[in-house]
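Read off the chains here:
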Amino acid sequence: MIGLISATAAGAAARDRLAAAWPDRTRVYDGPVGDAVRRAFAECEQLVCFLATGAVVRLIAPLLGDKAADPGVVCVDEGGRFAVSLVGGHGGGANELAREIGELLGAEPVVTTATDAVGVPGLDTLGLPVEGAVAAVSRALLDGEPVALHNESLWPLPPLPVAAEGAYGIRVTDRLVEPSEREVVLRPPTLVVGVGASKGAPAEEVLELIGSSLREAGLSPKSIAELATVDAKAEEPGIVAAAERLGVPLVTHSAEELAAVEVPNPSDAPLAAVGTPSVAEAAALVRGGELLVPKRKSAGTPAMATCAVVRRPVRGRLAVVGLGPGARDLLTPRAKAELRRASVLVGLDQYVDQIRDLLRPGTRVLESGLGAEEERARTAVEEARKGQAVALIGSGDAGVYAMASPALAEASDDIDVIGVPGVTAALAAAALLGAPLGHDHVSISLSDLHTPWEVIERRVRAAAEADIVVTFYNPRSRGRDWQLPKALAILAEHREPATPVGVVRNASRPDESARLTTLAALDPATVDMMTVVTVGNTATRDIAGRMVTPRGYRWQEGAK
């Protein structure tokens, strides 16, 4: 929960905007400011104080204890111009909260954490449990001292300025090792613990079995990704409580799924009880991996729990990112976050140039020219299979005439693929024209480099006969100058010469241009590959110089 505190009417107005936007995340604290801050500090994970930073410093100073446990605090000036991350930038999430508030209120986020200031990811912001000399190793990274990375798990990490050897170190491992005085240990969630239990098995017995099994195998409990069991045990109190106390999800599988898994230690007892010869081993192995701890029984008399531990295969990460039509303010926050998360960026050289300044130092950039789409897709997938965090970029939305299709055609289920939507050229053009896509619409590429013209023509004809608004991508180039006139002629067989047509070039870029013409008046020679052409349907109208396709037809008929 985020506590909101203000002292003046101006501060309350900004506070109320935040409360209205995040009703489930925020709680307003009224009354004397000092009392409100003390109550919020004790009850909330984060605070937003619409007060002067000096006042907030004095109010929270006596309350500060442990940076790992204190709430993150953000100050917003009463004019709503700045959102200052005051304390708990990383551990308390104040840096990210300041950025979120900035997006919502139009304020400038002020983040002074050293790693954020120079673009180096904070070691305590990577989403992994962290142990050891975080401050010392972070300082070494900032000072340019050699820091060695030992990624034993091949876990996909954002770019870090690391070396093969160094006096400081970062170790990524699920093994139970103690960090040295100049080392940070990151715990990746690589371990799946399969659990079986008799009815009424105590949580303490389940937890003791898991803990002793991990210790004897030299594995860290902080690397447990999940507890897994059979569906019949989904509500077994001891198993449910064990997962809650470990802070990991409980995942269940059907008896049929588990019975199909080959295990070293099958048994008749679980087969009779729940319909599978193995629960613990099969539940741990059902998604593949290396069996590190075969089935073990708890020490109770009789034993009421079993467990097995598997190290699951580490999966690389491929984010397919849409950059939007070109304008920086149409690049989504999610896309920016993925660009900063990637250790490898793959893309068309001109698109890389658009966002190069957003990349973290150390990001490896693999760029190529026009016509190498399939090669870029293969490269991105290959890098992800090596355990890298990869961003593959495309213009507009990466799933629309862009890189998502070839990438997913190359990818198998051995990597994680994340799609990041972007504003398409058709949408950017439509916004400039008015509301041409107010009813059913379709996008058709007129490039016959990968699609036979006969197929394209059939699609254009179907759209024409169905009276659907059409947006043409790739309408014309030097080597393809007859396709657009042919497509327009097909549409003209079913639409009036006065049908509105919107022509937009370089939508959202500095040299953008947009004009409204008609099906009869459009000169195809004025169109090139940087242009999007939108042809209205029989209901589309030119209203005050704007292209409008009504959502329904009744009001249009009444206006005639």
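Look above for the structure.
Residues numbered from 1 in each chain as written. Predicted model: local features only at pLDDT ≥ 70, side-chain atom pairs only at ≥ 80, totals over all residues. Heavy atoms only, no water.

1. What about the side chain of Thr-306?
Inference 1: You can see Thr-306 is positioned in strand S15 (residues 305-311).
Inference 2: Taking relative accessible area as the criterion, Thr-306 reaches 18% and is therefore assigned buried. (Helix = DSSP H or I, 4+ residues; strand = E, 2+ residues; numbered from the N terminus. Buried < 20%, exposed > 50% of the residue type's maximum accessible area, 1.4 Å probe, protein only.)

2. Regarding the pattern of salt bridges
Inference 1: Scanning the model with the defined rule gives 33 salt bridges in all.
Inference 2: Close ionic contact of Arg-187 with Glu-131 constitutes a salt bridge, the shortest N to O distance being 3.1 Å. Of the two residues, Arg-187 sits in the loop between strand S10 (183-186) and strand S11 (191-197) while Glu-131 sits in strand S7 (residues 130-132), which places them 56 residues apart along the sequence.
Inference 3: Ionic pairing is found between Glu-183 and Arg-171, a salt bridge with its closest N-O pair at 3.0 Å. Residue Glu-183 is found in strand S10, and its partner Arg-171 is found in strand S9 (residues 168-172); the two are separated by 12 residues along the sequence.
Inference 4: Residue class for Glu-183 comes out buried when judged on its relative accessible area of 8%.
Inference 5: Assessed through its relative accessible area of 21%, Arg-171 is described here as partly exposed.
Inference 6: One connected set of salt bridges, linked through shared partners, spans Glu-152, Arg-171, Arg-175 and Glu-183. (Salt bridge = Lys/Arg side-chain N within 4 Å of Asp/Glu carboxyl O.)

3. Quick notes on the packing of helix H7 (residues 203-217) against helix H8 (residues 237-246)
Inference 1: Taken N-terminus to C-terminus, the directions of H7 and H8 make an angle of 55°; their axes are 8 Å apart at the nearest point. Here H7 lies oblique to H8, going by the angle between them. Pair H7 / H8 crosses with right-handed handedness. Note on element contacts: H8 touches H7 through Gly-238, Ala-241, Ala-242, Arg-245 and Leu-246, opposite Ala-203, Glu-204, Val-206, Leu-207 and Ile-210.
Inference 2: Class assignment of the residues belonging to the contact of H7 with H8 gives a composition of seven nonpolar, one polar and two charged. (Axes fitted to C-alpha atoms, helices over the stretch in contact; angles between N-to-C directions. Parallel < 35°, antiparallel > 145°, perpendicular 65-115°, else oblique. Left-handed = near helix turned anticlockwise from the far one by under 90°. Contact = heavy atoms within 4.5 Å. Nonpolar A, V, L, I, M, F, W, Y, C, P; charged D, E, K, R; others polar.)

4. Some words on the sheet that holds strand S8 (residues 147-151)
Inference 1: The four strands lie next to each other as S7-S10-S9-S8, forming an open sheet whose pairing is mixed. Strands at the two margins of the open sheet, each flanked by one partner only, are S7 and S8. Pairs of neighbouring strands in the sheet enclose a mean axial angle of 15°, with direction left out of account.
Inference 2: Inspection of the sheet shows S7 paired to S10 by three bridges, in the antiparallel sense. In the strand pairing of S10, Val-130 is matched with Leu-186.
Inference 3: Packed on one face of the sheet, helix H6 (residues 134-142) meets S7, S8, S9 and S10 and runs near 115° to S9. (Pairing = 2+ DSSP bridges.)

5. Things to note about the packing of helix H1 (residues 9-21) against helix H4 (residues 94-105)
A pair of packed helices is captured by two measures, namely the crossing angle of their axes and the spacing between those axes.
Inference 1: Two numbers describe how H1 lies on H4: the axes approach to 11 Å, and their chain directions differ by 100°. When the interaxial angle is binned, H1 and H4 end up roughly perpendicular. Between H1, through Ala-14, Arg-17, Leu-18 and Ala-21, and H4, the contact on the second element is made entirely by Ile-101, Leu-104 and Leu-105.
Inference 2: Grouping the constituent residues of the contact of H1 with H4 by class yields six nonpolar, no polar and one charged.

6. Regarding the packing of aromatic side chains
Inference 1: In this structure the tally under the stated criterion is two aromatic pairs.
Inference 2: Ring geometry for Tyr-401 versus Tyr-473: centroids 4.7 Å apart, planes at 50°, classification tilted. Placement of the pair is Tyr-401 in the loop between strand S19 (389-394) and helix H15 (404-410) and Tyr-473 in strand S23 (residues 469-473), with a sequence separation of 72 residues.
Inference 3: Directly above the aromatic system of Trp-22 lies the positively charged group of Arg-25, at a separation of 4.3 Å from the ring centroid. (Phe/Tyr/Trp six-rings, centres within 6.5 Å; stacked < 30°, edge-to-face > 60°. Lys NZ or Arg CZ within 6 Å of the ring centre and 35° of its normal.)

7. Considerations on the pairing of strand S1 (residues 2-6)
Inference 1: Among the five residues that make up S1, five are buried, leaving the element largely enclosed by the rest of the structure.
Inference 2: Of the two faces of S1, both are covered, the one formed by Ile-2, Leu-4 and Ser-6 as well as the one formed by Gly-3 and Ile-5.
Inference 3: Relative to strand S2 (residues 26-28), S1 runs parallel, the two sharing three bridges. Bridge pairing in S2 places Gly-3 opposite Arg-27.
Inference 4: Handedness of the crossover joining S1 and S2 through H1 is recorded here as right-handed. (Right-handed = clockwise from strand over helix to strand, strands pointing away.)

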